[in-house]
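Chain residues, written in single-letter form:
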Amino acid sequence: MSLKAGIVGLPNVGKSTLFNSITKKNILAANYPFATIEPNVGVVTVPDERLDYLNDLYKPKSLVPTIVEFFDIAGLVQGAANGEGLGNKFLSHIREVDAIVEVVRCFEDNNIIHVENSVDPVRDIEIIDIELILADLEIVENRLGKIEKKAIMSKDKEGLKEVEVLKKVKECLLNNEPCRRLEYSEDELKILKPFNLLTLKPIIYVANISEDDLLNDSNKYVETVKEYALKDRAEVITVCAKVESELVDLSDEEKKVFLSELGVDESGLDKLIKTTYKLLGLETFFTAGSDEVRAWTYKKGMKAPACAGIIHTDFEKGFIKAEIMSYSDLYELGDEKMVKEKGKMRLEGKDYLMQDGDICYFRFNR
């Protein structure tokens, strides 16, 4: 299970610079709109100190971290839903991601053109909101046009429920509100899932600030973004894309020194990756041995058999038991032998809810 996040924003807000830093790829980051035409994809590992510890402990032949796929999606302009700029090409790319990472310009720089000719992050967010809302509205109205009369005439319960949910969403969209702001039951979410609505996707706002503001920890634009994000119950991450790009070629030790001089605990990119991971309710379990130490991504609330199925479908089908120890116990006691001697190694059955940091060995029928 891998996480896909789409990096979006108006042209020249720092998306491609940020993407270059994430993936260490040399993607064109030119100072004009639509420098990025196709979505560039980069795979990055989720920072996890637990994996480093397990690697040192087991000294495996192979180490496999969990990953996030970031898509750098071409800049959006006003009128995209009606074909302006890259239009529907942008919208089709963004439908493929699990979460949206929206980069917002929160710095002044006369040398970098702003497509709207001034810095106003809330205005920029609202421009993108409107384009995504219009795209969703078209999908909802088309679907209602096909099923509403038929559902009413036939009194089909499932059809009527779908109509009810779509009308609820339509009303929200007509009020220029992203439909992520509504509350939904599990049944309603199941109905909406096939439509892959853009404004239903969870979102993180990345406030791209100047190096001076990173040092001073003050920016009037960031405060307006944070206030706006409350409507979406969304996280706001402050990043200086310029600084992040300078970190790319440094060693881990050099990065620590560099960040320490800036008075920062971790890079903005690490914060972004962790926040994106958390946003979708994802957690990590591990498999560990001399051959391989590996981190596996699962959705919080999954039971042991389903997690076994992430490794291989046969593991889920023939699931018997899961032999589990927690990372915290292993770290405290130092090795597997001590974990077993202290009675901390346990066997769990089909109803066991996996916990973040579980180290597992799955028993199954072949």
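It should be noted that the structure appears before, not after, this text.
Residues numbered from 1 in each chain as written. Predicted model: local features only at pLDDT ≥ 70, side-chain atom pairs only at ≥ 80, totals over all residues. Heavy atoms only, no water.

1. Section: unusual backbone geometry
Despite not being glycine, K59 has its phi angle at roughly 45 degrees, a positive value. Relative to the elements of secondary structure, K59 occurs in the loop between α2 (49–58) and β3 (62–64). Overall, K59 belongs to the exposed group, its relative accessible area being 64%. Positive phi, normally seen in glycine, also occurs at K155, with a value near 55 degrees. Within the secondary structure, K155 sits in the loop between α4 (121–154) and α5 (157–174). (Helix = DSSP H or I, 4+ residues; strand = E, 2+ residues; numbered from the N terminus. Buried < 20%, exposed > 50% of the residue type's maximum accessible area, 1.4 Å probe, protein only.)

2. Quick word on the packing of aromatic side chains
This model, assessed by the stated rule, comprises 9 aromatic pairs. Geometrically, the ring pair formed by Y53 and Y327 is edge-to-face, given 5.8 Å between the ring centres and 85 degrees between the ring planes. On the criterion of sequence distance, the pair formed by Y53 in helix α2 and Y327 in helix α14 (residues 327–333) is long-range, its members being 274 residues apart. The exposure class assigned to Y53 is partly exposed, which follows from its relative accessible area of 22%. Ring geometry for Y327 against Y331: centres 5.9 Å apart, planes inclined by 25 degrees, an arrangement best described as stacked. (Phe/Tyr/Trp six-rings, centres within 6.5 Å; stacked < 30°, edge-to-face > 60°.)

3. Side note on the pattern of salt bridges
For side chains bearing opposite charge, pairing can occur when the charged atoms are close. Applying the stated criterion across every chain, the model contains 21 salt bridges. Note that K61 is salt-bridged to D291, the shortest N-O span being 3.4 Å. Linking K61 in the loop between α2 and β3 with D291 in the loop between β8 (282–288) and β9 (292–299), this pair joins segments that are 230 residues apart in sequence. The residue E211 makes a salt bridge to K242 at a minimum N-O spacing of 3.9 Å. (Salt bridge = Lys/Arg side-chain N within 4 Å of Asp/Glu carboxyl O.)

4. A short note on the environment of D109
Within the secondary structure, D109 sits in the loop between β5 (99–105) and α4. For the pair D109 and V119, spaced 10 residues apart in sequence, the C-alpha to C-alpha distance is 9.2 Å.

5. Considerations on the pairing of β8
Of all 7 residues making up β8, 6 are buried, and the element is well covered by its neighbours. Across 7 bridges, β8 lies against β9 in antiparallel orientation. In the sheet register, T284 faces β9, and the bridge partner there is T297. With antiparallel pairing between neighbouring strands as the criterion, β8 and β9 make up a hairpin whose turn holds 3 residues. (Pairing = 2+ DSSP bridges.)

6. Details of helix α12 (residues 304–311)
Note: α-helices contain 3.6 residues per turn, so residues at a spacing of three or four share the same orientation. Buried residues of α12: A304, P305, C307, A308 and G309, and no others. Lining the buried residues of α12 we find β8, β9, α13 (313–317), β10 (319–326) and β12 (358–364). (Contact = heavy atoms within 4.5 Å.)

7. A look at the nonpolar core
Within soluble globular proteins, side chains that are nonpolar generally end up buried alongside one another. Counting 54 residues, the largest nonpolar core has F70 and Y205 as its most contacted members. Beyond its immediate chain neighbours, meaning those up to four positions away, F70 contacts A5, I7, F19, I22, N40, V41, G42, V44, V101, L272, I273 and T276. (Core = buried A, V, L, I, M, F, W, Y, C linked by side-chain atoms within 4.5 Å.)

8. A word on a negative patch on the surface
The grouping of E49, D52, D56 and D252 at the surface amounts to a negative patch. Looking at which element gives the most residues to the negative patch, the answer is α2, with 3 residues. You can see D52 is positioned in helix α2. Taking the relative accessible area as the measure of exposure, D52 reaches 47% and is therefore partly exposed. (Patch = residues over 30% accessible without salt bridge, like charges linked within 9 Å, V, L, I, M, F, W, Y side chains within 5 Å. Areas by Shrake-Rupley, 256 points an atom, 1.4 Å probe, with all protein chains shown as cover. Lys, Arg positive; Asp, Glu negative; His and termini not counted. Charge placed at Lys NZ, Arg CZ, Asp CG, Glu CD.)

9. Structural notes on the side chain of R95
Among the structural elements, R95 can be located in the loop between α3 (87–94) and β5. When residues no more than four places from it in sequence are discounted, the contact partners of R95 are A135, D136, I139, F195, N196, L197, L198 and K201.

10. Focus: the sheet that holds β5
Here we have 6 strands laid out as an open sheet, ordered β2-β4-β1-β5-β6-β7, and mixed in their pairing. The open sheet has two free edges, formed respectively by β2 (40–45) and β7 (235–239), since each of these has just one partner strand. Adjacent strand axes in the sheet meet at a mean angle of 25 degrees, parallel and antiparallel pairs treated alike. Here β5 runs beside strand β6 (residues 203–208); their pairing, made up of 6 bridges, is parallel. (Axes fitted to C-alpha atoms, helices over the stretch in contact; angles between N-to-C directions.)

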